[in-house]
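One letter stands for each residue in the lines below.
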6 protein chains.
Amino acid sequence: MIGEDVKLFSGTATLELARSVAHHLGQSLSHSSVSQFPDGETCIQINESVRGADCYIIQSTCAPVNHNLMELLVLTDALRRASAWRVNAVIPYFGYARQDKKVQAREPITAKLVANLLETAGVDRVITIDLHAGQIQGFFDVPVDHLTALDILGQHLQTTGLEGTVVVSPDVGRATEARRLANFLHRPLAMLYKRRASPTETEVTHVIGNVAEMRPIIIDDMISTAGTVERGIEALIKLGAVPEITVVATHPVFTPPALERLSGNEISKIYVTDTIPFHGGHDRVTVLSVAPLLAKAIQNVHENASVSSLFTN
Amino acid sequence: MIGEDVKLFSGTATLELARSVAHHLGQSLSHSSVSQFPDGETCIQINESVRGADCYIIQSTCAPVNHNLMELLVLTDALRRASAWRVNAVIPYFGYARQDKKVQAREPITAKLVANLLETAGVDRVITIDLHAGQIQGFFDVPVDHLTALDILGQHLQTTGLEGTVVVSPDVGRATEARRLANFLHRPLAMLYKRRASPTETEVTHVIGNVAEMRPIIIDDMISTAGTVERGIEALIKLGAVPEITVVATHPVFTPPALERLSGNEISKIYVTDTIPFHGGHDRVTVLSVAPLLAKAIQNVHENASVSSLFTN
Amino acid sequence: MIGEDVKLFSGTATLELARSVAHHLGQSLSHSSVSQFPDGETCIQINESVRGADCYIIQSTCAPVNHNLMELLVLTDALRRASAWRVNAVIPYFGYARQDKKVQAREPITAKLVANLLETAGVDRVITIDLHAGQIQGFFDVPVDHLTALDILGQHLQTTGLEGTVVVSPDVGRATEARRLANFLHRPLAMLYKRRASPTETEVTHVIGNVAEMRPIIIDDMISTAGTVERGIEALIKLGAVPEITVVATHPVFTPPALERLSGNEISKIYVTDTIPFHGGHDRVTVLSVAPLLAKAIQNVHENASVSSLFTN
Amino acid sequence: MIGEDVKLFSGTATLELARSVAHHLGQSLSHSSVSQFPDGETCIQINESVRGADCYIIQSTCAPVNHNLMELLVLTDALRRASAWRVNAVIPYFGYARQDKKVQAREPITAKLVANLLETAGVDRVITIDLHAGQIQGFFDVPVDHLTALDILGQHLQTTGLEGTVVVSPDVGRATEARRLANFLHRPLAMLYKRRASPTETEVTHVIGNVAEMRPIIIDDMISTAGTVERGIEALIKLGAVPEITVVATHPVFTPPALERLSGNEISKIYVTDTIPFHGGHDRVTVLSVAPLLAKAIQNVHENASVSSLFTN
Amino acid sequence: MIGEDVKLFSGTATLELARSVAHHLGQSLSHSSVSQFPDGETCIQINESVRGADCYIIQSTCAPVNHNLMELLVLTDALRRASAWRVNAVIPYFGYARQDKKVQAREPITAKLVANLLETAGVDRVITIDLHAGQIQGFFDVPVDHLTALDILGQHLQTTGLEGTVVVSPDVGRATEARRLANFLHRPLAMLYKRRASPTETEVTHVIGNVAEMRPIIIDDMISTAGTVERGIEALIKLGAVPEITVVATHPVFTPPALERLSGNEISKIYVTDTIPFHGGHDRVTVLSVAPLLAKAIQNVHENASVSSLFTN
Amino acid sequence: MIGEDVKLFSGTATLELARSVAHHLGQSLSHSSVSQFPDGETCIQINESVRGADCYIIQSTCAPVNHNLMELLVLTDALRRASAWRVNAVIPYFGYARQDKKVQAREPITAKLVANLLETAGVDRVITIDLHAGQIQGFFDVPVDHLTALDILGQHLQTTGLEGTVVVSPDVGRATEARRLANFLHRPLAMLYKRRASPTETEVTHVIGNVAEMRPIIIDDMISTAGTVERGIEALIKLGAVPEITVVATHPVFTPPALERLSGNEISKIYVTDTIPFHGGHDRVTVLSVAPLLAKAIQNVHENASVSSLFTN
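Values in this document were obtained by computation on a predicted structure and should not be read as measured data.

So, the overall build of chain A
Link 1 in the chain: Per the secondary structure count, chain A includes 8 helices and 14 strands.
Link 2 in the chain: Relative to the globule expectation of 20 Å for 313 residues, the C-alpha radius of gyration of chain A, 21 Å, shows essentially globular dimensions.
Link 3 in the chain: Overall, the C-alpha framework of chain A stretches about 60 × 45 × 35 Å when taken along its three principal axes.
Link 4 in the chain: Evaluated residue by residue, chain A yields a buried proportion of 65% over its 313 residues.
Link 5 in the chain: Contacts in chain A between residues far apart in sequence, at least 24 positions, make up 62% of those at least 6 positions apart.
Link 6 in the chain: For chain A, the computed accessible surface area is about 10400 Å², with 48% contributed by carbon and sulfur atoms.

Points about the relation of the copies chain A and chain B
Link 1 in the chain: In screw terms, the move from chain A to chain B is a rotation of 180° and a rise of 0.0 Å along the axis, fitting with an RMSD of 0.0 Å. The operation mapping one copy onto its partner corresponds to a two-fold rotation axis.
Link 2 in the chain: Comparing contact sets, 100% of the residues at the interface of chain A also lie at the interface in chain B, consistent with an isologous, same-surface contact.

Re the sheet that holds strand S14 (residues 285–288) of chain F
Residue and element names in this part refer to chain F.
Link 1 in the chain: Spatially, S10-S9-S8-S11-S12-S13-S14 is the arrangement adopted by the 7 strands of the open sheet, whose pairing is mixed. Of all the strands in the sheet, just strand S10 (204–208) and S14 have a single pairing partner and so form its edges. Each strand of the sheet is rotated relative to its neighbour by a mean of 25°, with strand direction disregarded.
Link 2 in the chain: As defined by bridge partners, strand S12 (residues 245–251) adjoins strand S13 (residues 267–273) across 4 bridges and the pair is classed as parallel. In the sheet register, isoleucine 245 faces S13, and the bridge partner there is isoleucine 267.
Link 3 in the chain: Those strands touched by helix H5 (residues 175–185) are strand S8 (165–169), strand S9 (189–195) and strand S11 (215–222), and its axis lies near 160° from that of S8.
Link 4 in the chain: Strand contacts of helix H6 (residues 227–238): S8, S9, S10, S11, S12 and S13, with the helix running at about 55° to S10, the strand carrying the most contacts.

Topic: the interface of chain A and chain B
Interface size is commonly expressed as the accessible area that is lost once the parts come together.
Link 1 in the chain: Tallying the contact residues gives 47 residues for chain A and 47 residues for chain B.
Link 2 in the chain: Both sides together, the interface formed by chain A and chain B hides about 3600 Å², and carbon and sulfur atoms give 59% of it.
Link 3 in the chain: Our count for the contact surface shared by chain A and chain B stands at 2 salt bridges.
Link 4 in the chain: As a salt-bridge pair, aspartate 39 of chain A and arginine 98 of chain B come within 2.4 Å of each other at their nearest N and O atoms.
Link 5 in the chain: Contributions of two or more residues to the side of chain A that touches chain B are made by strand S3 (42–46), helix H2 (65–81) and helix H3 (110–121) of chain A.
Link 6 in the chain: Residue contributions to the side of chain A that touches chain B peak at 10 residues, all from H2 of chain A.

Let's talk about the confidence of the model for chain A
Link 1 in the chain: Mean pLDDT for chain A: 94, with 99% of residues reaching 70 or above.
Link 2 in the chain: Across the interface, the model reports ipTM at 0.95; the global pTM reads 0.96.

Things to note about the relation of the copies chain D and chain E
Link 1 in the chain: With an RMSD of 0.1 Å, the operation that places chain D on chain E is a rotation of 120° combined with a shift of 0.1 Å along the axis. Here the symmetry operator amounts to a three-fold rotation axis. Minimal C-alpha distance to the rotation axis in chain D is attained by tryptophan 85 of chain D, lying at 7.5 Å.

Concerning the interface of chain D and chain E
Link 1 in the chain: Each partner contributes residues to the interface: chain D has 14 residues there, and chain E has 6 residues.
Link 2 in the chain: Summed over both partners, the interface of chain D with chain E comes to about 690 Å²; 33% of that surface belongs to carbon and sulfur atoms.
Link 3 in the chain: Ranking the residues of chain D by area buried against chain E places Asp141, Pro143 and Asn304 of chain D at the top, with a combined share of 55%.
Link 4 in the chain: Taking the shortest distance from any N to any O, the salt bridge between arginine 81 of chain E and aspartate 141 of chain D comes out at 3.9 Å.
Link 5 in the chain: In this structure, the connection of chain D to chain E is made through 6 residue pairs in polar contact (both at pLDDT 80 or more).

Comments concerning the packing of helix H3 (residues 110–121) of chain E against helix H3 (residues 110–121) of chain F
Working note: a packed helix pair is described by the angle between its axes plus the distance between those axes.
Link 1 in the chain: Where H3 of chain E meets H3 of chain F, the axes come as close as 9 Å, and the angle between the chain directions of the two elements is 140°. Here H3 of chain E lies oblique to H3 of chain F, going by the angle between them. In this structure, H3 of chain E crosses over H3 of chain F, and the sense of that crossing is right-handed. Within the contact between the two elements, H3 of chain E uses Leu113, Asn116, Leu117, Thr120 and Ala121 of chain E and H3 of chain F uses Leu113, Asn116, Leu117, Thr120 and Ala121 of chain F.
Link 2 in the chain: Taken together, the residues of the contact of H3 of chain E with H3 of chain F sort by class into 6 nonpolar, 4 polar and no charged.

Structural notes on the environment of lysine 296 of chain F
Link 1 in the chain: Residue placement: lysine 296 of chain F occurs in helix H8 (residues 291–302).
Link 2 in the chain: By relative accessible area, lysine 296 of chain F is classed as partly exposed at 39%.

Topic: the domain arrangement of chain A
Residue and element names in this part refer to chain A.
Link 1 in the chain: We note that the domain assignment places domain 1 (6–148 + 291–311) and domain 2 (150–288) within chain A.
Link 2 in the chain: Between domain 1 and domain 2, the C-alpha centre-to-centre distance is 28 Å.
Link 3 in the chain: Summed over both sides, the interface between domain 1 and domain 2 buries roughly 1300 Å², with carbon and sulfur atoms accounting for 54% of that surface.
Link 4 in the chain: Between domain 1 and domain 2 we count 0 salt bridges in total.

Here we look at the side chain of arginine 106 of chain C
Link 1 in the chain: Mapped onto the elements, arginine 106 of chain C comes out in the loop between strand S5 (86–91) and helix H3 (110–121).
Link 2 in the chain: Buried and unpaired, arginine 106 of chain C has glutamate 48 of chain D as its nearest opposite-charge partner, separated by 8.4 Å.
Link 3 in the chain: One polar contact links the side chain of arginine 106 of chain C to the main-chain carbonyl oxygen of isoleucine 46 of chain D, over a distance of 3.1 Å.
Link 4 in the chain: A polar contact of 3.4 Å, which involves the side chain of arginine 106 of chain C, links it to the backbone oxygen of glutamate 48 of chain D.

Remarks on the pattern of salt bridges
Link 1 in the chain: Enumeration over the complete set of coordinates arrives at 96 salt bridges over all chains.
Link 2 in the chain: Between aspartate 77 of chain A and arginine 80 of chain A there is a salt bridge whose closest N-O contact spans 3.1 Å. Of the two residues, aspartate 77 of chain A and arginine 80 of chain A both sit in helix H2, 3 residues apart, roughly one turn of that helix.
Link 3 in the chain: The class for arginine 80 of chain A is buried, based on a relative accessible area of 16%.
Link 4 in the chain: In this structure, aspartate 100 of chain C and lysine 101 of chain C form a salt bridge, with 3.6 Å as the shortest nitrogen-oxygen distance.
Link 5 in the chain: Look at lysine 101 of chain C and you get partly exposed, because its relative accessible area is 30%.

Points about H3 of chain A
Link 1 in the chain: Across its 12 residues, H3 of chain A extends 16 Å between first and last C-alpha, which sits within 8% of the 16 Å expected from 1.5 Å per residue.
Link 2 in the chain: Judged by how many residues are buried, H3 of chain A sits mostly within the fold: 10 of 12 residues are covered.
Link 3 in the chain: Within H3 of chain A, burial applies to Thr110, Ala111, Lys112, Leu113, Val114, Ala115, Asn116, Leu117, Leu118 and Ala121 of chain A.
Link 4 in the chain: Buried positions along H3 of chain A lie against H2 and strand S5 (86–91) of chain A together with helix H2 (65–81) and helix H3 (110–121) of chain B.

Remarks on helix H1 (residues 15–24) of chain C
All names here are of chain C.
Link 1 in the chain: By the burial criterion, the buried members of H1 are Leu17, Ala18, Val21 and Ala22. Projected onto a plane normal to the axis of H1, the buried residues spread over an arc of 140° and lie on a single side. The exposed set on the far side of H1, more than 90 degrees from its buried face, consists of Glu16, Arg19 and His23.

Remarks on the state of the cysteines
Link 1 in the chain: With the rule as written, the count across this model stands at 0 disulfides over all chains.
Link 2 in the chain: Free of any disulfide, cysteine 55 of chain C has its nearest cysteine sulfur in cysteine 43 of chain C, 18 Å distant.

Focus on the pairing of strand S2 (residues 32–36) of chain A
Link 1 in the chain: Here 5 bridges tie S2 of chain A to S3 of chain A, and the two strands are oriented antiparallel to one another. Bridged to serine 32 of chain A within S3 of chain A is isoleucine 46 of chain A.

So, the nonpolar core
Link 1 in the chain: Counting 246 residues, the largest nonpolar core has Phe94 of chain A, Phe94 of chain B, Phe94 of chain C, Phe94 of chain D, Phe94 of chain E together with Phe94 of chain F as its most contacted members.
Link 2 in the chain: Each residue touching phenylalanine 94 of chain C, except ones within four places of it in the same chain, is listed here: Thr61, Ala111, Val114, Leu118, Thr128, Leu131, Ile136 and Phe140 of chain C.

Some thoughts on the pairing of strand S12 (residues 245–251) of chain D
Residue and element names in this part refer to chain D.
Link 1 in the chain: Most of S12 is tucked away: 7 of the 7 residues are buried.
Link 2 in the chain: Note: strand S11 (residues 215–222) against S12, 5 bridges, orientation parallel. Bridging across to S12, isoleucine 218 finds its partner in valine 247.

Regarding the sheet that holds strand S1 (residues 6–10) of chain E
Residue and element names in this part refer to chain E.
Link 1 in the chain: Strands sit in the order S1-S4-S5-S6-S7 across an open sheet of 5 strands; the sheet is parallel. Pairing within the sheet leaves two strands with one partner each, and these edge strands are S1 and strand S7 (144–147). The average undirected angle you get between the axes of adjacent strands in this sheet is 15°.
Link 2 in the chain: Looking at chain direction, strand S5 (residues 86–91) and strand S6 (residues 125–129) are connected through 4 bridges and run parallel. Opposite valine 90, over in S6, you have isoleucine 127 as the bridge partner.
Link 3 in the chain: Of the strands in this sheet, S1, strand S4 (54–58), S5, S6 and S7 touch helix H8 (residues 291–302), which is tilted by about 155° from S6.

Thresholds applied
Residues numbered from 1 in each chain as written. Chains lettered and ligands numbered in written order. Predicted model: local features only at pLDDT ≥ 70, side-chain atom pairs only at ≥ 80, totals over all residues. Heavy atoms only, no water. Helix = DSSP H or I, 4+ residues; strand = E, 2+ residues; numbered from the N terminus. Rg over C-alpha atoms; globule rule 2.2 N^0.38 Å. Buried < 20%, exposed > 50% of the residue type's maximum accessible area, 1.4 Å probe, protein only. Contact = heavy atoms within 4.5 Å. Areas by Shrake-Rupley, 256 points an atom, 1.4 Å probe, with all protein chains shown as cover. Least-squares fit on C-alpha atoms with pLDDT ≥ 70 in both. Pairing = 2+ DSSP bridges. Axes fitted to C-alpha atoms, helices over the stretch in contact; angles between N-to-C directions. Buried area = accessible area lost by both parts, 1.4 Å probe. Salt bridge = Lys/Arg side-chain N within 4 Å of Asp/Glu carboxyl O. pLDDT = per-residue confidence, 0-100. Polar contact = N/O pair within 3.5 Å; in protein donor to acceptor, adjacent residues only side chain to side chain. Parallel < 35°, antiparallel > 145°, perpendicular 65-115°, else oblique. Left-handed = near helix turned anticlockwise from the far one by under 90°. Nonpolar A, V, L, I, M, F, W, Y, C, P; charged D, E, K, R; others polar. Domains from an automatic or database assignment. Lys, Arg positive; Asp, Glu negative; His and termini not counted. Expected span 1.5 Å × (residues − 1). Arc of directions from axis to C-beta. Disulfide = S-S within 2.5 Å. Core = buried A, V, L, I, M, F, W, Y, C linked by side-chain atoms within 4.5 Å.

Encoded structure:
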């Protein structure tokens, strides 16, 4: 057990994961209830004193994102006003992360807005996993412990036979992560990108790098609608890739029609983690748990031990 | 038309009201789109330059409250980053207003949290109607123009024949508003309250004030589940009130089973406003519009004219 | 004794109460002096090290309110700059609380201003008693422990014989507190309110609820000039109330001519607390002390025990 | 007249000066009232719209300093909440200025606290005269226009015959200001200082610089209790100074027994300004007005003209 | 000429560029001097009134970066305290941009620190060009106008004959920018990356994509020591690329030994802009000016016209 | 040894002093490296966990001031993001201190800017020595422990024979410090000042106070270019002072040509401290170390003991 002055809380987003983290810490979730008033307003009740406690709220801001974010903010407000010593937001999947810069004019930078909202509510620290862009750490002025599920996913992949595989980035923007996995597995790298060959043509997904007669491992931080992956698979197959494709991602967002798109025979395996609940019973999908990683991180944070030592950087 | 440098925006919560306000100002809503990404994240596009403009976002934070609040926050972020001169949040119905203090230990004060979130996002001013408690103005450090629909509701009531009526507060907490209406209409006042006559008895709704052979006008700031009103009506009838009851409220929250509870024959009329969309087609419900009031307030704010002059204080 | 790292300070407003609180904690006030320079500027000297200490400043912001508030702010500044671990402002009576919203146009919201000033000076927590409006808690972003003297007053009233009594709210705005006391004592409720029966008449105090042949217990959070109470008593007597009236209030502001107004024979007893010093020697006034309540609250805050458990909510 | 969008306000501290400033600007003070509630709380009413206006509050924070400071803060809060464009605090005498650093352990730095309180209340700019230390400008993050009455005082002195005079600093801490006046008048400088010749002796006021057979002009930023000046005069006379001493100061704090101390025959003239009201009718005291200086500064601030050009630096 | 109330300032970093921008705006730089005190402290003098002016400081934070950054901060402080209406920081090259996230444990995020420092000093808006990562926009809460020199560079490249060229990203992290240029020029894409084929091997630069018999155009946001480019060129040549390589970058950081590394015969042309002064007289280097782009952006910002319309997104 | 949870860091400015402080505390500096990237950007690596540690960064902001300041800011950022409990900036010499007020129009107040930058970066406390003006303490809102080297310098002077000496302030602005030393040594005081005897004459350095046949001890907080001291010595000699002058200052800034100016035969001794590294090997200069003073201050801060007790106030 980690200590009496640590208290673990969960909203409704990732309750099962939160319970699992608590279990790994030899502890139960604190007595509290997170629900809705009849008109849909978030309703929080904390049923034990938290004065002076080191509190950890485990809550992904996955869909319904605005609702889950608000639960996190209101819980934080309640704990802070109840004189918690410290409120740590453990956000396994950080929603709105793709809105991290202005691509078009007059866009919001919602990921920064969310960071500001969390700090305003009173969050003292953030623990999160595989942010869409590492720069989001800098959106916060409070300390951020940025964990990665790369080791969990990579070590599992190593058990599955890697001969003849090539790690594939589904997009120019994900090349850094793909290279990290490629180097972890000591496998070559390829990249997909959308190209317009002349001003009048439409964009077509191209492959750069050698994929012929290789088994692609497509790696992304999240699988959302799987549209990019679907188009990428077509391009890979066209160039002679072996139709035994593995798809790897930390965050199973799985917005419809993601699962249909991933049901083709050329996909043999999909590996994700439980940063977002997935109950699809899709037989090709294997869910690896980040609970032990989060539990260890919470323990180290509480005991002032190094967090960076938990994972390959 | 109010001026080229005024731009009106709306989220999805009260789009019809926003259009009506724009119409009263001789202007259209600005070109923008507020929608959702496939995974439910709020998606904002602003399709015209807003540099240096005096922007007004018209959006109630009614149900789905967390979603509508987030739309308001993201719109504010986008406008501020796009160099709007000033972002004014016009919030006809301010959700979470009942969570304005700690009644039990360790409760959040969500209304204050929401005020802080709005200021963090970059709101420069708030225009709102009939806050659940006037003190919520003080939750903000930016200027708040607190309008009231009392004149709109009161003037309409005056056309309906007030003889033999008594204004009734449904609860001790609403007595101030009930007295305001009673004095506006020059009618007597009564109050309902829940009483426990001994430690072993349960709470029963009592009436104080004379209601026998009078027609009650029950006034509240909002009708949510209508439970309090329902119990109040029973108590009033038991004490001899005439079963021709009028129910008046600014904000038609109407959470189920509100409309069933208000379908008894002893209720003759229900007056509300359009601060929250209501499409129930309930034939006893009359919706009065606050659009002219909001339009006038926006115009006066923009032209630096007095806003307090718009209504009986 | 509570602990070496707790230090208690007092300004000049409620020095006697502060000493009494210290006594209940088995401790003395810290060595410091709070006085004025010849030109009236507040002069603070702290004569012992406070580095790392958990400091509590006990000071009501009663009259002279601006002076007492400034003493509190300057003490806070001095403690913070002297590296106190935590500065807790214990404000038994929170002045300016009635200026908690804009009733007329262009009014200040001074209660919020005061909350902001306290946070700016460096207050880390507020402990206070019976705020004029519970929403004032939300004016702060630091934790507020909002105590009530209801139990102290109510338990004393129970020893005085309650048969035939009715709890009376002197105003529509105080009905919530009156109902709390009524339910605490299991007695019925009545309410006074000012009514204008037609546009040409002046406001007259009316009673709603049955008071004939009953002994009224008028409850307010504070007695200021006692004008409202005086007019209420007239109205109660006119409706047949027994002229053995009890007046109960937490805060004895007693601005002249309050004591004259409360010297009529129909008032038999006045119960207040010592949140504001009262040395009038008025034989009908009984002062009950909040010192044990404050001492227990300070102890629980310091030891991270629940504060809400100290009183009936 | 300066412009319709300029509004001038005054608290009770320096109302006469404020009226005089307004007169110089061809304008009246805005309709407002600053008074006290019966219990001593500051009461502000602003009786005309200030939306979008450039507001100037003219108020010295002289005695009663805490009260006058609070009037200034509450007025600022009211104007800001009433949507004033800009709130400029014109503080001819800035109280608490001598508490500008920690000299003893655990002292407050009240001048900085006051600066923080003013910024928290919403002051956008400060206009002030002859701060006790120029560094106080840096206590603010908003712009400060630091005026000096040196030209007003110096030009008047030039009309009085300066032959045989020596400018005397009453203390080591005021030597900079004394040198400024000495150079303005092209007269030599002397300085008083307190010296302890051995560990067992008490401090005695010494003179450095030649004063024999010269007429001293003692210059300070303010005359408070005049104790330093009194001891200085003794020392000057002992060293052969001509007993026709002139005392010059911007701020006539005149805390008792200042005027008795300055009533000796060796003092021929005392020159001060009206940054603090002085109605003593002391025939040796001449009050020069800063109203034209303040009026010109307000006009230049409003019209974006240079303020530094108003005075010798 | 752009308007009297616009004032342009420059530190010492990019004075020539600033003069050129001013020239394009038909205006001179404002009278000011930026120099050093003898002990190296930055010394700022502003020799004309800036009250109410819309001020633009043009200053890259290139080497000596700490010195140039401090000049920018001190200038901002001086302008703000001198009552400028608005201080716009025009930072053509934003130094420290590569320190935008924690890659190793306990690293600073200096780019965010710099953003915070600029906001603390009082910057109201940032105008910059080709940030190392777009997310740096979100490090600011003030509006950021993020310009790109892509059009300037791309349009120039189009005049040079593109047949047989391939756009090459020198690293996985720059693939997004390379793809933008590839699509602008309608040319194919290749990417360099460092690979470790087994745990015992060292990293070797690999190429993915087809480069044989093609002329590479290597694109980066900045050329620093040119080490990555040098190793990339080796790899490209080894795979049969034509040794007529073009190197393109917005920011010519050119830290030694960059120019030696770029002096090989396989490099035919280097295109950069003047966001950083370059006086190397290197005959293969062509410097294109961003002055017209910055001038237009300043004009549009000042006149509230769209800035996004200035460039291909 | 002071404790495991204390960690000492140093930038490059005063590394030797930092090591000496660490030695006095029985401890080594923490494993970290402070260097530059090839392009001059400050590069920080912290090679041990600092979670929960009480960190002290020892770094004067002497020349190169902007560089050393930035090292301090970046180190602070890194420690804060790495979850240090507390970051204490130990700044023996606080650069930019002379820019502490606006003397001319539109000057920056760089000392305040630096204070704001330090607080923004995350400094929790400042420990410094002999600030140019005590008011700079008030530029911070975090606690400042303001130490003095007066005791170190004064006690050393007492061993050198003080008969016939006079303490001389080199300027009107330093008179307060000179008087402090004069009283510490029980010696008389004189002061130098620049005077213009008529509007057409240039300023000439004058002496006030008796110096004939006395040995002057000139005291300043820092010796920069020594121009003021040089002119002062001339004036002193002209008035008959004995040409055996001692110069005393805490901070040896020694900007050229300071040492040449101080090489005249009339100067017999120069005493300074090691708040700034001095390696001139100038045989008249004696460097006294502040390391024991800083070590004791750090120990007392860490152990919550009084710091004010370390020195004569």
